[in-house]
Amino acid sequence: MPQIDRIAEPWGSRTPYGPGKSWPARVDSYLADGIVPADVDRWVQSASILHSNGDAMDIAVKDDRIVGVRGRADDRVNHGRLGPKDLFAWQANNSADRLTKPLVRRDGRLVESDWDTAMDLVAGRTRELLEERGPSSVGFYTTGQLFLEEYYVLGLIAHGGIGTSHVDGNTRLCTATAAASLKESFACDGQPGSYTDIDHADVIAVYGHNMAETQTVLWARILDRLSGPEPPQLVCVDPRLTPVAAAATVHLAPRPGTNVMLMNALLRELISNEHVDEEYIEAHAVGFDELTKMVEPCTLERAAEVCDVPAVDLREAARLLGTAQRLLSTVLQGFYQSHQATAAAVQVNNVHIIRGMLGRPGCGVLQMNGQPTAQNTREAGADGDLPAFRNWSNDLHVTDLARVWNVDPMRIPHYAPPTPLMQMLRYVEDGSIRFLYVTGTNPAVSLPELARIRKVLSQERLFLVVQDIFPTETTQLADVVLPAATWGEKTGTFTNADRTVHLSEKAVDPPGAARPDLDILLDYARRLDLRDKDGAPLVKWSTPEEVFEGWKECSRGRPCDYTGLSYDKLRGGSGIQWPCNDEHPDGAERLYADGKFFAQPDYCESYGRDLVTGAPVEPTEYRALNPTGKAVLKAAEYVPAHELTSEEYPFHLITGRTLFHFHTRTKTARTPQLQDAAPEVWVECSVADADEHRWSEGDVLRVTTPRGEVTARLRVSGIRDGVLFLPFHYGYWDTDAGDEPAGGGRAANELTLTDWDPASKQPLYKVGAAAAECVETAAGHAASAPTNTASAPYGPRGDIPATRGQTQALVTEELESTGAAS
Amino acid sequence: MTWATTLKGMKGNKVGMAIEELHRAENDLAGALLNLSDQQKVDHEVFYVARDIAQWSREHVRQLAGVGRDYGLDLDPEPEDESSLMARIKQKGAEALGRFHEPSLLLLADLRHVHRTAAGVSLDWEVLAQTAQALQDTELLEVAQSCHPQTLRQMRWANAKLKETAAQVMVTG
C-alpha cells in the first residue's frame, strides 16, 4: 500500500472531486515501527482530541498498549483521513514522565502522596473556604479537552452544589468569541453550518483562520475541491502568507486590530451594490437600517487607509462575496483573539444574513473552535454558562434547570453573568478567590502577560489544585497535583466544531494511579457530601454512560438536544450531529433552514451584549427589539486598538500556532515526528523589515514589550510588513528552569497584553506593540521553523533545510477510488 | 421660523444655556470615566472600556460646540484635556475618596458616580432633542439623535459593571 511522509506533506494525497459530489474516502493509518495490521489485538473507536475538527479514528491496541491509529472511512467528518497530530501524537500517552501519583506540597516542595490524602486536602480546603468566605471564594478553570460527561459533572458541582459563578474553561482563549458572535446574531450558541458545505460552496471566505494548520483534514477537503472540476474561489483575510492565503483568489492582509473596519467596508459594498436578499431580510432579520447607517462612513477608501489594504482588493473581495451563489464562511483566532473580536466575527454572520445564505447546502457560517471538546465546555456549562444553552437572565430557565438537578433555584447563581477567566484571575489577585481548581490546562504558559500570571498563581493565600497528565509549568505552582487519564484511557463523548458527536472508548488502562477526570470529580463531589433538595446525593452517577443519560435529559427540548443519541447509537458508523431527537432521529446537518432561529425571547440562550462595552442587553430591551425571534443584524463602530505602535515599539506583535504543535506542547513535544518538525521557538518578520534592519534568516532577535522579552531566531517569511509573529507553544517545562524563563524568555506570552474583548471576554493575543533588536548573528544557523506552513521562508530558500519526517513519518494511505497515491 | 431665529439670536437664551450646560456635563462625564479608568488600572476591562467610551463624550463635546455656534455660543470644540480634567476631578473627589480604604468599594463608588453623571447627561440630551423638534432645528436634532444613544450605552455599562462586581466586593471582600 502507498506510503507518504506526512510531516513533509501534512495534507496527504489529493482525491479531487466536484461540486455536489461526495468527498472520496482515503484511509490514513500509522502503526508503531515493526507493527503490521495483523499484529493488532483490537481496534477501539475514538476521535482526535488535538484540534477541533473531530477526525474519527480507531486506536490500535497490542498487549494492552496503544500502538497506532487508523482513520474511520465511514465518518462524515474525515472520510478516513487523519492529520499529522492525529497520526503521531498518541505516542505521548506512553511517555515515561506521565504523572502517575497524586502530589501534595509539603514544606514548599511537591511530594508523592496517595489519593485519599490528596482528595481530603482538596475537599477539606473547599469546605473550609465555603464556611469562612462563601462560594464566591471558590473557582474552577477547566479546558477544551475533557469529555462532555466530565464538563457536565463539573458544572453541576460548581453551579448546583457549591453555588459559585466562578467557572470557566480555557475555551475562553480559543472559542469564546465563536459562541459570543452566535449569541449576538442568533441569540443562541450552535454552529449554523456543516463541514459538508465545502462540498457545495462556490465561494469560501476564510477569516483569520489558518485552516491548513489548525484543521488539516478540513483543509484537505478544500484542497480536493480546488483540484477538482469547478473549484470554489477563496477569499482569505490574514496578515500572514498562510497556505490558505497562497491558495486564495483574493488575499487581504489587514493591519492588526482593524478587522471591524474591514468587515464594515465589505458590508457597505454589498449593500450599496444591492447584493442583498431583501425578501430574506424583511422576513427573517431585524436591525438592517442600523447596520446600513453604521457602515455608511466605512468606504473602501477609508478602509484601505485604516487597514492598509489596497482598495482594489477590497472591491474584488466584496464582488466575490456579493456574487457567490453558495457562500461558506469560516472564522477563527485572527478575528477571535484580535481587537473588537466579537464585533468583527458578528459582521461575518451579517454577510450571511443580508445575503440570505444560511441553512442550505453550501450556504453556511462556521464560527470555528480551537479545541476538540470546546463545544462541550460551552454546551454543558463548564464555561460558566448554564447547561444546554439555558439563559442565565431568564428566571424560567433557571427554574427549569433546578428541576432537572432537583435543587432550589436560589442555589444556582444567576444574579449576574458568569465570571470569565480573566476576571477570575483578577479575583485571585485581589484575594477574594482563594481556591482554584484547574483541570487539563496550563495557564502559566497560555495566558497573557506571564510575569503577572506567575505572581497571581504563586500567591501563598491561594490553594491551587492542578489536574493533568504531565508535569507542566502550572503543576509546579500547585498545592495539590492530581494525575489524570487521557484520551484512549477513559470513555466519553465529545462534539466537534460542526456539532458532530463522537464516542471515544477506553482502549487501555491509565498509567500508575492516574484516574479519569470524571472519577476524580465524582470523588470530589462525594467528599464534599453535596446533596440535592431531598437530601439525596447531588451527583447521582458513577459511570460515563450514566452521566450521558443524565445530560440527555438536561438537553431535552433545548437547541443542543441529545435525546436521540446513546452510546450504542454512536458505536460503529459515523459521528452524529445534534440536534438529534424525535424530529431529527439521525441528527441535523444544518441549523436555521428556512430562516427559523432559536431567538424567541422565551427560548433563546442570550439577549446579547453591547459590542463595545460588553454590557448585557436587558430582557425587556431584547423583547422590544426582537419579539418574534428573528436573526439580529448587530452593527458595530470601529474603535482603534488599545496599544498602538510607537517610536519605541514600532512593530505589531501577533502570536499563533503551527501545524505541528498543540497548545503548550505537553503532548506534541513528546512526539518525535512533531517535535523534530518544530523543535524551537522562532520569530517571523517580512522581507522589507528584515532588509531595513539588516537582519537575516537565523539571526537571534530579542523581542520586547513593556511586559517582558523573548529571544528567538528569525525566519524571514511572507508576513505583512510591520508585523512580528511568535508561535505560542513554547514554554519552560523542557528547559532547566522548569516553570519560568532563565535569562531570555521563550514563551510568547511574556510579551502579550492583558486586555480582552468586552463582549466575549476572550483575551487578545493578536494586538500589541513590540520592539526587536538583533543580539547575535545567524552564523550559519537557520530558524527551526517549519518550511511547509505559514512560517515558510519567503523567496529563495538557500540552505534552509526543508521540513521532512523521513522514514519515521511514513503513513499508509488507502484511496477509495484508484488505490494509488498521486 | 422667525421666532426660532429670534430665539437663537437672543443673548442668554434658554436653548443656548442648555447647550452650554450639556457641553460642561459631557466634559464632566469624560472626566469621570477617565478618572475611573485611572483608579482601576488593575481591573483591565474597566480600565480600557472606560477610556474607549470616554471618547464618545469627548466627541459629543466637539459636536455641541458646533451646534452651539447657531445659538451664539463660543464653546471650546476641544474637549478638556485629560490632565486638567483629572486635576479638577481629583479635587472634587478627594473627600469622597477618603471614605473608601477598600479599593474594590471605591470601584463601586466610581461606577455609581459615572452612572449618575451619565444619567444627568442623558436627561439633558432629552431636553435638547425635544427643544430641537419644537424649533424644527434638524441639525440640533441630528446631533441629539446621534449622541444620546451613546450616553445611554455609557449608563448601561456602569450599571452592568456594578451589577457584575457588587456581590464579589460585598460578600468576599
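One structure accompanies this document, and this report is about it. (Residues numbered from 1 in each chain as written. Chains lettered and ligands numbered in written order. Predicted model: local features only at pLDDT ≥ 70, side-chain atom pairs only at ≥ 80, totals over all residues. Heavy atoms only, no water.)

### A word on the sheet that holds strand E6 (residues 103-106) of chain A
Residues and elements named next belong to chain A. Formally: Note: two strands are recorded as paired if DSSP finds a minimum of 2 bridges between them. Numbered from the N terminus, helices here are DSSP runs of H or I no shorter than four residues, and strands are runs of E no shorter than two. A fitted line through C-alpha atoms serves as each axis, taken over the contacting stretch for helices, and the angle formed by two N-to-C directions is quoted from 0 to 180°.
Overall, mixed pairing links the seven strands, which are arranged E7-E6-E18-E17-E16-E8-E9 in an open sheet. Only two strands of the sheet have a single partner each, and these edge strands are strand E7 (109-112) and strand E9 (167-169). Neighbour-to-neighbour, the strand axes of this sheet turn through a mean angle of 20°, independent of strand direction. Inspection of the sheet shows strand E8 (residues 138-142) paired to E9 by three bridges, in the parallel sense. By the bridge assignment for E9, Tyr141 is matched with Asp168.

### With respect to empty space enclosed by the protein
Sizing a probe to match a water molecule and rolling it over the atoms shows the empty space that remains. Residues and elements named next belong to chain A. Quick reminder of the rule: Cavity and pocket criteria rest on a 1 Å grid covering protein atoms alone: a 1.4 Å probe that fits but cannot get out defines a cavity, protein on both sides within 12 Å along at least 5 of 7 lines defines an open pocket, and an atom within 4 Å of a point defines a lining residue. Grid points are joined across faces, edges and corners, and a volume is the space filled by probe spheres set on the points. Residue polarity is assigned by list, with Asp, Glu, Lys and Arg as charged and Ala, Val, Leu, Ile, Met, Phe, Trp, Tyr, Cys and Pro as nonpolar; anything else, Gly included, falls into the polar class.
Counted under the stated rule, the structure contains nine cavities of 30 Å³ or more. Looking at the largest cavity, its volume works out to about 510 Å³. Lining of the largest cavity is provided by 34 residues; of these, Gln145, Asn170, Gly440, Thr441 and His663 occupy positions nearest its centre. Residue composition of the lining of the largest cavity, by class: twelve nonpolar, 16 polar and six charged. Computed from the structure, the second largest cavity encloses a volume of approximately 340 Å³. Together, 27 residues line the second largest cavity, and Gly208, Asp238, Gln333, Gly334 and Lys766 are the ones closest to its centre. In terms of residue class, the lining of the second largest cavity is built from nine nonpolar, 13 polar and five charged.

### Describing the pattern of salt bridges
Residue and element names in this part refer to chain A. Here is the rule we go by: By salt bridge we mean one thing: a side-chain nitrogen of Lys or Arg within 4 Å of a carboxyl oxygen of Asp or Glu. In this scheme, a residue with accessible area under 20% of its type's maximum is buried, one over 50% is exposed, and one in between is partly exposed, where area comes from a 1.4 Å probe on protein chains only.
Applying the stated criterion across every chain, the model contains 65 salt bridges over all chains. Across the pair Arg14 and Asp224 runs a salt bridge whose closest N-O atoms are separated by 2.6 Å. In this pair, Arg14 is assigned in the loop between strand E1 (3-5) and strand E2 (26-31) and Asp224 in helix H8 (residues 216-226), connecting sequence segments 210 residues apart. With a relative accessible area of 22%, Arg14 lands in the partly exposed category. Asp224 gets classed as buried once you look at its relative accessible area, which sits at 0%. Between Asp120 and Arg527 there is a salt bridge, and its shortest N-O distance comes to 2.9 Å. Of this pair, Asp120 sits in helix H2 (residues 115-132) while Arg527 sits in helix H22 (residues 517-528); the two residues are 407 residues apart in sequence, bridging distant segments of the chain. Owing to a relative accessible area of 45%, Asp120 belongs among the partly exposed residues under this scheme. Accessibility expressed as a relative area gives 21% for Arg527, which makes it partly exposed. If you follow the salt bridges from partner to partner, you end up with Arg76, Asp197, Asp498, Glu589 and Arg590 in one network.

### Some points on the layout of surface pockets
Taken as a whole, the second largest pocket spans an internal volume of roughly 660 Å³. The wall of the second largest pocket is formed by 42 residues, among which Trp392, Pro417, Pro418, Arg609 and Pro616 of chain A lie closest to the centre. For the lining of the second largest pocket, the secondary structure elements donating two or more residues are helix H4 (171-174) and helix H5 (176-186) of chain A together with helix H6 (138-172) of chain B. Tallied by class, the residues present in the lining of the second largest pocket amount to 16 nonpolar, ten polar and 16 charged.

### Some remarks on the sheet that holds strand E11 (residues 233-237) of chain A
Strand pairs in the sheet, formed through backbone hydrogen bonds, run parallel or antiparallel to each other. All names here are of chain A. Across the sheet, five strands lie side by side as E12-E11-E10-E14-E15; this open sheet has parallel pairing. Each edge of the sheet is formed by a strand with only one pairing partner; in this case those strands are strand E12 (250-252) and strand E15 (364-367). Recorded for the sheet is a direction-independent mean angle of 10° between the axes of neighbouring strands. In this structure, strand E10 (residues 203-207) lies alongside E11, joined through five bridges in parallel fashion. Bridge pairing links Ala205 to Val235 in E11.

### A closer look at the packing of aromatic side chains
Residues and elements named next belong to chain A. This is how the line gets drawn: To pair, rings of Phe, Tyr and Trp, with the six-membered ring standing in for Trp, must have centres within 6.5 Å; the planes then decide the type, stacked if under 30 degrees apart, edge-to-face if over 60, and tilted in the middle. For a Lys NZ or an Arg CZ to count as sitting over a ring, it must be within 6 Å of the ring centre and within 35 degrees of the ring normal.
On inspection of all chains with the given rule, the structure shows 25 aromatic pairs over all chains. Measuring from centroid to centroid gives 5.5 Å for Phe147 and Phe494, while their planes differ by 15°, and the two rings are stacked. Of this pair, Phe147 sits in the loop between E8 and helix H3 (148-162) while Phe494 is found in strand E19 (residues 492-495), placing the two residues 347 residues apart along the sequence. Judged by relative accessible area, Phe494 falls into the buried class, the value being 1%. Aromatic side chains Tyr437 and Tyr524 sit 5.3 Å apart centroid to centroid with 80° between the ring planes, which places their arrangement in the edge-to-face category. In this pair, Tyr437 sits in strand E16 (residues 435-439) while Tyr524 sits in helix H22, placing the two residues 87 residues apart along the sequence. For the residue pair Tyr437 and Tyr524, the accessibility class agrees, reading buried in each case. An aromatic cluster is built from Tyr152, Trp541, Phe548, Trp551, Tyr562 and Tyr567, whose rings are joined through pairwise contacts. Positioned above the aromatic ring of Tyr603 is the side chain of Arg558, whose terminal nitrogen or guanidinium carbon lies 4.5 Å from the ring centre. Over the aromatic face of Phe470 sits the side chain of Arg670, whose NZ or CZ is 3.8 Å from the ring centroid.

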